[in-house]
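A look at the structure
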Amino acid sequence: MKIHKGDTVLIISGKDKSRKGKVLEAFPKEGRILVEGMNLRKKHQRPKKSGEKGQIVELPRPIHISNVKLVCQKCEKATKVGYKSKIKNQKSKIRICKKCGQEV
Ligand SMILES: [Zn+2]
């Protein structure tokens with residue numbers, strides 16, 4: 001998957017459009033990521049002890065990666081991800097920023 005845990009992404013659609021956040025978790029099978037503070041859903045939490053009040057907590061829900069763009073840590077622009085081999089003919093590839101060409 002093009003987006004990894006720990007990346008910074010820009011949201012490009014939905015109610016959090018044009019906000020940036022950090023990827024907390026990546027789910028490659030579903031093509032989704034969990035972004036800090038984005039796509040929040042309110043959840044009612046039951047009181048744990050009697051006498052305590054129940055509360056509403058906001059939890060982030062995973063976003064599909066087609067709704068985000070990677071923010072390059074080198075040039076700080078939202079970019080497409082490219083790939084290139086570090087050493088010629090080697091299988092392992094590194095991600096590069098298509099704006100500045102740096103490894104991301
Ligand atoms: Zn860049």
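With respect to the overall build of the chain
In terms of regular secondary structure, the chain is built from 0 helices and 10 strands. Start at the N end of the chain and walk to the C end: the helices and strands fall as β-β-β-β-β-β-β-β-β-β. For 104 residues, the compact-globule estimate of 2.2 N^0.38 gives 13 Å, and the C-alpha radius of gyration of the chain, at 18 Å, exceeds that figure by more than 25%. The dimensions of the chain, computed from C-alpha atoms along their principal axes, are 65 × 25 × 20 Å. Burial statistics for the chain: of 104 residues in total, 26% are counted as buried. When the accessible surface of the chain is totalled, it reaches about 7700 Å², and 48% of it is carbon and sulfur.

A few points about the pattern of salt bridges
Using the criterion set out here, one finds 3 salt bridges in the structure. In this structure, the salt-bridge partner of arginine 95 is aspartate 7, at a minimum N-O distance of 2.9 Å. Placement of arginine 95 in strand β10 (residues 93-97) and of aspartate 7 in the segment before β1 (8-11) is noted, with a sequence separation of 88 residues between them. Pair check on accessibility: arginine 95 and aspartate 7 agree, each one buried. Across the pair aspartate 16 and arginine 19 runs a salt bridge whose closest N-O atoms are separated by 2.7 Å.

Some thoughts on the side chain of asparagine 39
Along the polypeptide, asparagine 39 turns up in the loop between β3 (32-35) and β4 (40-45). The exposure class of asparagine 39 is buried, given its relative accessible area of 17%. A polar contact of 3.4 Å, which involves the side chain of asparagine 39, links it to the backbone oxygen of proline 62. For asparagine 39, the residues in contact, after removing those within four places along its chain, are Lys15, Asp16, Leu59, Pro60, Arg61, Pro62 and Ile63.

Description of the coordination of the zinc ion
Around the zinc ion, the protein contributes the donor atoms Cys72 (SG), Cys75 (SG), Cys97 (SG) and Cys100 (SG), at 2.2 to 2.3 Å from the metal centre. For the zinc ion, the 4 donor atoms in the first shell make angles of 105 to 115° at the metal, so the coordination geometry reads as tetrahedral. Site description for the zinc ion: donor spacing in sequence, C-x2-C-x21-C-x2-C. With a relative accessible area of 32%, cysteine 100 lands in the partly exposed category.

Looking at the sheet that holds strand β8 (residues 78-79)
Strand order in the open sheet formed by 6 strands is β6-β3-β2-β1-β7-β8, with antiparallel pairing between adjacent strands. Where the open sheet ends on each side, the last strands, each with one partner, are β6 (63-64) and β8. The sheet contact formed by β1 and strand β2 (residues 20-27) spans 3 bridges and is antiparallel. Paired with threonine 8 across the bridge in β2 is lysine 22.

Cut-off values and rules
Residues numbered from 1 in each chain as written. Predicted model: local features only at pLDDT ≥ 70, side-chain atom pairs only at ≥ 80, totals over all residues. Heavy atoms only, no water. Helix = DSSP H or I, 4+ residues; strand = E, 2+ residues; numbered from the N terminus. Rg over C-alpha atoms; globule rule 2.2 N^0.38 Å. Buried < 20%, exposed > 50% of the residue type's maximum accessible area, 1.4 Å probe, protein only. Areas by Shrake-Rupley, 256 points an atom, 1.4 Å probe, with all protein chains shown as cover. Salt bridge = Lys/Arg side-chain N within 4 Å of Asp/Glu carboxyl O. Polar contact = N/O pair within 3.5 Å; in protein donor to acceptor, adjacent residues only side chain to side chain. Contact = heavy atoms within 4.5 Å. Donors = N, O, S within 2.8 Å, 3.2 Å for Na, K, Ca; no water. Tetrahedral: all angles 85-135°; square planar, octahedral: opposite > 155°, others 65-115°. Pairing = 2+ DSSP bridges.

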